[in-house]
Amino acid sequence: MIIIETISFSEAFKYPFKTPKRLLYALLIFVPIIGWLALFGYGVRLVNEFIEGRYEGPIKLDFMEDLKFGFMVFLKSLPFYIIYIIILFAAMYVSEGLGNIISLLLGFFVVPMLAVNFFRKQTVESFFEFSVLNVVRDNLGEYIITVLKQYALVIIFMVLSIVLVGIPGMLFTNSIFVANMYGRLVERKAEASL
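- Labelled according to an unreviewed UniProt entry, the protein chain appears under the name DUF4013 domain-containing protein, originating from Methanosarcina mazei WWM610.

1. Quick look at the overall build of the protein chain
Reasoning step 1: Tallying secondary structure elements over the protein chain gives 8 helices and 0 strands in all.
Reasoning step 2: Computed over the C-alpha atoms, the radius of gyration of the protein chain is 17 Å, within 12% of the 16 Å expected from 2.2 N^0.38 for a compact globule of 194 residues.
Reasoning step 3: For the protein chain, the C-alpha atoms occupy an extent of roughly 50 × 40 × 30 Å along the three principal directions.
Reasoning step 4: Of all 194 residues assigned to the protein chain, the portion counted as buried reaches 41%.
Reasoning step 5: In the protein chain, of all internal contacts separated by at least 6 residues, the share reaching a separation of at least 24 is 72%.
Reasoning step 6: Carbon and sulfur atoms provide 72% of the accessible area of the protein chain, an area that totals close to 10600 Å².

2. Concerning the pattern of salt bridges
Reasoning step 1: Taken as a whole and assessed by the stated rule, the structure comprises 8 salt bridges.
Reasoning step 2: Between Arg54 and Glu52 there is a salt bridge, with the nearest N and O atoms lying 2.3 Å from each other.
Reasoning step 3: Accessibility expressed as a relative area gives 35% for Arg54, which makes it partly exposed.
Reasoning step 4: Sharing partners across several salt bridges, the network here consists of Glu49, Glu52, Arg54 and Arg120.

About the criteria used
- Residues numbered from 1 in each chain as written.
- Predicted model: local features only at pLDDT ≥ 70, side-chain atom pairs only at ≥ 80, totals over all residues.
- Heavy atoms only, no water.
- Helix = DSSP H or I, 4+ residues; strand = E, 2+ residues; numbered from the N terminus.
- Rg over C-alpha atoms; globule rule 2.2 N^0.38 Å.
- Buried < 20%, exposed > 50% of the residue type's maximum accessible area, 1.4 Å probe, protein only.
- Contact = heavy atoms within 4.5 Å.
- Areas by Shrake-Rupley, 256 points an atom, 1.4 Å probe, with all protein chains shown as cover.
- Salt bridge = Lys/Arg side-chain N within 4 Å of Asp/Glu carboxyl O.

Following this line, the structure appears as structure tokens:
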């Protein structure tokens, strides 16, 4: 059984700079659609690295493979996001305040863990495996700290975007803490039950 340690804030911050040349992958953001899909596929592969506890630095981009992979994962994620948008529009229709509350609750407590589960399993059904949210319920304090650390990291990289290095930092670490928690609590529990 692999033991995955909790990643520290400083280690997460340093992660994108371990292989500085790979920060240039973020330039694909300026290539509409195909660049975005390649980055999406690459991002999913990064999340899987985080789940497995590997933080040596950003992995190598394989443009064509990541493009195909990103396209397939994007297609598989559409049903979830369509339902998510319908729920938000319905809540906004009832009341703008209710819509904002539901958006906040889903965006903070539900979507991050379901997204990491989806990135790990890459099936349409995995985005609807609400049982994975038991980890959030059972470890609520740790989960809140994990998501707050994720937001703090994003804010730091947003500030660093002034000198441009923050953009790839945000792209390459946007789920690092939630993926680490998923790897420690979901994958470890699954391995232990085998």
